[in-house]
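Examination of the molecular architecture
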Amino acid sequence: MSAHTVQTNRNEEYAQGIGLVKWVERVGNKLPNPFMLFLYLIAALMIITAVLSIFHVTAVDPIKNEQVQVKNLLSQEGLQWLLPNIIKNFSGFLPLGSILTLMLGVGLAEKVGLLEAVIRKMSLRVSARYASYLVAFIAFFSHVSSDAAFVIMPPLGALIFLAVGRHPVAGLLAAIAGVGSGFSANILIVTTDVLLSGISSEISKSVNPDVTVSVLDNWFFMSASVLLLSAAIGFITDKFVEPRLGVYKSEGKSEKKLEDLSDTQKKGLRAAGIAALVFIAVIAVLVVPENGLLRDPKQGTIVPSPFISGIVPVILLFFFTVAITYGIKVGVIKKQNDIPALLTDPIKGMAGFIIMIFPLSQFVAMFNWSNMGSFLALSITDLLEQMNMSGAPVFIGLMFLSAFLCMFIASGSAIWSLLAPVFVPMFMALGFHPAFSQVAFRVADSSVIPFAIVSPFIPLFLSFLQEYKKDAKLGTYYALIMPYPIAIFVLWTLLLVVWYFVGLPIGPGVYPVMN
């Protein structure tokens, strides 16, 4: 085969790939606005629950030995539940409060010029060639802040790329892939480890009191995953995503970000740095000592503790501390009334996000109340059990099921609460360690987060994208982000399969198969 023929075939394959992406964007952009889309989904959900309820379609919970029946949203009971809870569903939607709280801090830091100064300072030390890998790697470490990473990291990824002369949308997408598709991967022990291991341990002890799952039992595998996924995200960004974006036209969006810092800005950064160190020192005094005020009052632990559960307010206070210090030093904040004035614009910019969250919060609440989540999980799990699979097909089946449910249930811990009572005993009966079933779930659940239509962060990601691409719609977002979840799901699954067959430990003293 000639070199010309090989190149022609590659060009055809590339053209086919571009054609698929264009098709996704074209179809996606024909979808209604997310606000209307969720209204249609609510209508569909109400009809589906009515049909399933009328025909008494049920699923069996093998642990409780109970029939799980879908509750009719169009029944008298459903309507009497819905009407008084509409406001509660919206105001009590946890991601809404967390995101708006963090945007106060991040927005203030942006308005006083602190974020711009930090990114410009970083750009002097960051090579444009390796910016994709840096953004991905930082995104994995940002998971220590849990859901806050979804709010903080994507805009920073865009700014880092802008500062080194690359397309900011590529940086935005790389950061979304790192915090979304790689959400479970971390070198540090984070809240996800605590939540999921607690659920797994409770179930495993009911089968065998001597088998438990600790927060460290996925550590080896997840640490290795950080390196693989950082490399994958960087490669995908450089070779596939950014070349499709073309040359970025700033449209007046601050070319000054590439200029040197002024003396005033340098002094402001030094003052903000000192304020940051003082803040961290104060937090350390409250957390590090065994009798620290922010440790768990009963167990004396850091994970879990009021510090971990209150990480969003801690981050907010950190941003306020450094932003106000910087603002005063550079003269942006001259009097106390300047602070609330500066906070107004960031919240104004979240108006579109707040509007989209209203129907989303209703859909999530209605989905949970109607038992549709439990019904779907148990029905598909029963199907997998009837197929009598063993070995690798079992955990691959669990992974596909987890990825599917992630599209409809926003909380990973909620999905695992549904699946663990069935899959942990099943895996243990087949000789797998319960921590291995947990890691299989984490891989699948994380991989597809940027795709999950019920995720409260999709509207937020779209608003970030529209900052740099004004005409972007939902289809544009899905077309741009599509390579990451697909590639990460495949690569991460292959890594898990190899880990299983080689028999490597997934955590200290914990192997895929129990002795």
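Since we're looking at a predicted model, the values are computed, not measured.

Here's the deal with the packing of aromatic side chains
Tallying each qualifying case throughout the model produces 23 aromatic pairs. Residues Phe150 and Phe183 carry aromatic rings whose centres are separated by 5.3 Å and whose planes lie at 35° to one another, so their mutual orientation is tilted. Of this pair, Phe150 sits in helix α7 (residues 148–163) while Phe183 sits in the loop between α8 (168–179) and α9 (191–207), placing them 33 residues apart in sequence.

Notes on the pairing of strand β1 (residues 58–61)
Side chains Ala59 and Asp61 project from β1 onto a buried face, and the interleaved Thr58 and Val60 project onto a face without burial. Direction of pairing for β1 relative to strand β2 (residues 66–69): antiparallel, over a ladder of four bridges. For Asp61, the partnering residue across the bridge sits in β2 and is Glu66.

Overview of a nonpolar patch on the surface
A cluster of nonpolar side chains, Phe137, Phe141, Ile187, Leu188, Leu216, Trp219, Phe220 and Leu227, forms an exposed patch at the surface whose accessible area comes to about 640 Å². At the level of secondary structure, the elements contributing two or more residues to the nonpolar patch comprise α6 (131–141) and α10 (219–245). For the nonpolar patch, the leading source of residues is α10, giving three residues. Tracing the sequence through the fold places Phe141 in helix α6.

Focus on the environment of Ile42
Among the structural elements, Ile42 can be located in helix α2 (residues 34–54). The spacing of Ile42 and Pro359 is 317 residues in sequence and 8.0 Å in space, taken between C-alpha atoms. Apart from the residues lying within four places of it in its own chain, the contact partners of Ile42 are Pro359, Gln362, Phe363 and Met366.

Focus: the pattern of salt bridges
A full pass over the atoms with the stated rule returns five salt bridges. Note that Asp338 is salt-bridged to Lys335, the shortest N-O span being 3.3 Å. Within this structure, Arg166, Asp238 and Glu242 form a network of salt bridges that share partners.

Regarding the nonpolar core
Core analysis: the biggest nonpolar cluster contains 160 residues, and Phe221, Phe395 and Leu419 have the highest contact counts within it. The leading source of residues in this core is α7, at 11 residues.

Conventions used here
- Residues numbered from 1 in each chain as written.
- Predicted model: local features only at pLDDT ≥ 70, side-chain atom pairs only at ≥ 80, totals over all residues.
- Heavy atoms only, no water.
- Phe/Tyr/Trp six-rings, centres within 6.5 Å; stacked < 30°, edge-to-face > 60°.
- Helix = DSSP H or I, 4+ residues; strand = E, 2+ residues; numbered from the N terminus.
- Buried < 20%, exposed > 50% of the residue type's maximum accessible area, 1.4 Å probe, protein only.
- Pairing = 2+ DSSP bridges.
- Patch = residues over 30% accessible without salt bridge, like charges linked within 9 Å, V, L, I, M, F, W, Y side chains within 5 Å.
- Areas by Shrake-Rupley, 256 points an atom, 1.4 Å probe, with all protein chains shown as cover.
- Salt bridge = Lys/Arg side-chain N within 4 Å of Asp/Glu carboxyl O.
- Contact = heavy atoms within 4.5 Å.
- Core = buried A, V, L, I, M, F, W, Y, C linked by side-chain atoms within 4.5 Å.

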